[in-house]
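Analysis of the macromolecular model
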Amino acid sequence: MAGSEGATPVNVRAALQSGLVIPAHPLALTPRRDMDERHQRALTRYYVASGAGGMAVGVHTTGFPIHDAKIGLYRPVLELAAETATASLEAHERPFVRVAGLIGDTAQAQREAQMALALGYHCGLLSLGAWRDATDDAILAHCRRVAETIPLFGFYLQPAVGGRRLEYRFWREFAEMANVVAIKVAPFDRYATLDVVRALADAGRDDIALYTGNDDAIVPDLLTDIPVQSGGRAYTRHFVGGLLGQWAVWTSRAVEMLQEIRAWRDSGADTIPRTWLTRGAALTMANAVIFDAANNYTGCLPGILEVLRRQGLVRGTWTFDTHEQLSSGQAEMLARFPELYPDLVDDAFVSANIDAWLR
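Anyway, here's the lowdown on the structure attached to this text.

**Looking at the packing of helix 9 (residues 251-267) against helix 10 (residues 274-290)**
Taken N-terminus to C-terminus, the directions of helix 9 and helix 10 make an angle of 150 degrees; their axes are 13 Å apart at the nearest point. As the angle between them shows, helix 9 and helix 10 are arranged roughly antiparallel. The two elements helix 9 and helix 10 cross, and the hand of that crossing is left-handed. Contact with helix 9, carried on its side by Met257, Glu260 and Ile261, involves Trp276, Arg279 and Leu283 of helix 10 and no other residues of that element. Looking at the contact of helix 9 with helix 10 residue by residue, the classes come out as four nonpolar, no polar and two charged.

So this is what it looks like as C-alpha cells:
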C-alpha cells in the first residue's frame, strides 16, 4: 500500500487555516488484540463520509503502544488509514489533511516523521510525553530537530494524561519555528490556553492555525474572539477548528456544528446565540462520561470505543493496555446518550451507511 498515491495535493497551511474537523483516529482491535482491519477501514470511511477535513493517526486515541517496535503496528495503522482515506475520497476529491502522531526521543520522532511523509501524511502531531522531566530548552531543541523533517502540529497536552505545564516563554519560542503549521491547545486550563494564543500574537505568527483540543471547552473555544496585540496592532484570534478525541465519535454532528459556527462568524453577528452555550454545556457533560473524567480519565479510550461499538463501527472496547476498562456505570450512562443528547449523536447517519463502510 502507498498512502500518498492518488491523494489530492494539499496546501497544509492553507487547509488548516480554513478550519477543519480532525478526529483523532481510534484503533479497532479483535478480542486477541490484533488490528481488526475491516472495522479499522470502516472507521476511516466514516470520518471521510462525515465530511471531516482530515484525521490524526498514531495519537493518544489510537493508542501509543502501536509506536512500540515489539507491537509493530505504527506503519501498518498509518498506511491502512492513508490508503482507505485516499480510496474513499476518489468519488469526491477534496483536500484532506493527514496528521501523524510522533512520540519518543528525537531519533524515534524523526524516524516516525520520515515514515509518515513517505505514506502521504502532511504534518506531525508531536507528543512530548517522553520529555516530562526535561527542560524547556531541551524540548525546544527536540522540536526544532523534528521540524527539519516534517511540518509540526504543536501539541499542548494536559498533565492528567501525560502532558506537562509549558509556560508562555516556551510557546513564544516554539512559534518562531518556521515549519510550525498549527497548534493543538489541550491543557484543559483557560490560563494556559490563553498563554499560547498570546505567544503566537507576540511572535507575529498569524499563519499558525489554532486548533482546540480542550474537550471540556470545545464550543467556547470555537466561539470566542481572543483580544491580542502585535506590533502595536490590536486584533483578535480564534480557534478555527479542532483536533479532538471527542470528534472521533459523532463526527458528522461535529462537522455540522463547525459549519454553523463558521456561518455565524461570516454573518458578522455581534451576539452569540444562547443555544450555542447550551449545546456547549451538553457536549462537555457528554464528554465527561466518554472520557471518564470522574475517574481521572481511566476509561477514556474504552469510552470512545464503547460509543463506536454501540454504533457497530468497532467490535469491542479492547486496547493494548489491558488495565484500560470502562469504569463502573460508564457503559450504562453511554447507553442513555441517544435519549439525553439527541442533538449530539449521529446514530441515524451511521446506521444508514455502516453496511457500505464495512464491505
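**Quick word on the sheet that holds strand 5 (residues 152-157)**
Within the open sheet, the eight strands sit side by side as 1-10-7-6-5-4-3-2. Their pairing is parallel. Single-partner strands in this sheet number two, and they are strand 1 (21-23) and strand 2 (54-57). For this sheet, the mean inter-axis angle between neighbouring strands, taken without regard to orientation, is 25 degrees. Both strand 1 and strand 10 (residues 241-244) contribute to a ladder of three bridges, which runs parallel. What sits directly across from Val21, in strand 10, is Gly242. Sheet strands in contact with helix 3 (residues 74-88) are strand 2 and strand 3 (97-102), and its direction is about 175 degrees off that of strand 3. Lying over the sheet, helix 9 contacts strand 1 and strand 10, oriented at roughly 155 degrees with respect to strand 1.

**Notes on the pairing of strand 5**
For strand 5, the tally of buried residues reaches six of six residues, placing the bulk of the element in the interior. Along strand 5, one buried face is formed by Leu152, Gly154 and Tyr156 and the opposite face, lined by Phe153, Phe155 and Leu157, is buried too. Bridging between strand 4 (residues 123-126) and strand 5 involves two bridges; their strand directions are parallel. By the bridge assignment, Leu125 is partnered in strand 5 with Phe153. Each parallel crossover has a hand, and for strand 4 linked through helix 5 (residues 136-147) to strand 5 it is right-handed. As paired elements, strand 5 and strand 6 (residues 180-186) share six bridges and run parallel to each other.

**Topic: the pattern of salt bridges**
Inspection of the entire model under this criterion finds 20 salt bridges. Put simply, Arg41 and Glu83 hold a salt bridge, and the shortest N to O gap is 2.8 Å. A residue pair is termed long-range when its members are at least 10 positions apart, and Arg41 in helix 2 (residues 37-50) and Glu83 in helix 3 qualify at 42 residues. Residue Arg41 is classed as buried on the basis of its relative accessible area, which comes to 18%. Exposure remark for Glu83: the relative accessible area of 24% places this residue in the partly exposed category. With a closest N to O distance of 3.8 Å, Arg75 and Glu79 form a salt bridge. Pair noted here: Arg75 and Glu79 are both in helix 3, with a separation of four residues, about one helical turn. When its relative accessible area of 38% is taken as the criterion, Arg75 is described as partly exposed. Taking the relative accessible area as the measure of exposure, Glu79 reaches 10% and is therefore buried. Beyond isolated ion pairs, a larger network of salt bridges with shared partners links Asp137, Arg144, Arg169 and Glu173.

**Side note on the environment of Ala116**
Secondary-structure assignment places Ala116 in helix 4 (residues 106-118). As for Ala116 and Phe291, which are separated by 175 residues in sequence, their C-alpha atoms are 28 Å apart.

**Thoughts on the packing of aromatic side chains**
Counted according to the given criterion, the structure contains twelve aromatic pairs. Ring centres of Tyr156 and Trp171 lie 5.3 Å apart, and the angle between their planes is 40 degrees; this geometry places the pair in the tilted category. With Tyr156 in strand 5 and Trp171 in helix 6 (residues 168-174), the pair connects residues that are 15 residues apart, well separated along the chain. As far as the burial class goes, Tyr156 and Trp171 line up, both buried. Through successive ring pairs, a cluster of aromatic residues spans Tyr46, Tyr47, Phe349 and Trp357. Looking at Arg198, its charged tip hangs above the ring of Tyr168, at a distance of 4.1 Å from the centre.

**Thoughts on the packing of helix 2 against helix 14 (residues 347-358)**
For the pair helix 2 and helix 14, the least separation of the axes is 9 Å and the interaxial angle reads 130 degrees. In terms of orientation, helix 2 and helix 14 fall into the oblique class. Pair helix 2 / helix 14 crosses with right-handed handedness. Residue-level contacts link Arg38, His39, Ala42, Arg45, Tyr46, Ala49 and Ser50 of helix 2 to Phe349, Val350, Ala356, Trp357 and Leu358 of helix 14. Considered class by class, the residues forming the contact of helix 2 with helix 14 number eight nonpolar, two polar and two charged.

**So, the nonpolar core**
Judged by nonpolar contacts, the single largest core of 104 residues is most densely connected at Tyr121 and Phe174. Of all the elements, helix 3 adds the most residues to this core, at seven residues. When neighbours within four sequence positions are excluded, Tyr121 is seen to be in contact with Met55, Val57, Leu78, Ala81, Ala82, Arg98, Val99, Ala100 and Ala116. Formed by 23 residues, the second largest nonpolar core is a distinct cluster that contains Val12, Leu16, Ala56 and Leu157.

Rules and cut-offs
Residues numbered from 1 in each chain as written. Predicted model: local features only at pLDDT ≥ 70, side-chain atom pairs only at ≥ 80, totals over all residues. Heavy atoms only, no water. Axes fitted to C-alpha atoms, helices over the stretch in contact; angles between N-to-C directions. Helix = DSSP H or I, 4+ residues; strand = E, 2+ residues; numbered from the N terminus. Parallel < 35°, antiparallel > 145°, perpendicular 65-115°, else oblique. Left-handed = near helix turned anticlockwise from the far one by under 90°. Contact = heavy atoms within 4.5 Å. Nonpolar A, V, L, I, M, F, W, Y, C, P; charged D, E, K, R; others polar. Pairing = 2+ DSSP bridges. Buried < 20%, exposed > 50% of the residue type's maximum accessible area, 1.4 Å probe, protein only. Right-handed = clockwise from strand over helix to strand, strands pointing away. Salt bridge = Lys/Arg side-chain N within 4 Å of Asp/Glu carboxyl O. Phe/Tyr/Trp six-rings, centres within 6.5 Å; stacked < 30°, edge-to-face > 60°. Lys NZ or Arg CZ within 6 Å of the ring centre and 35° of its normal. Core = buried A, V, L, I, M, F, W, Y, C linked by side-chain atoms within 4.5 Å.

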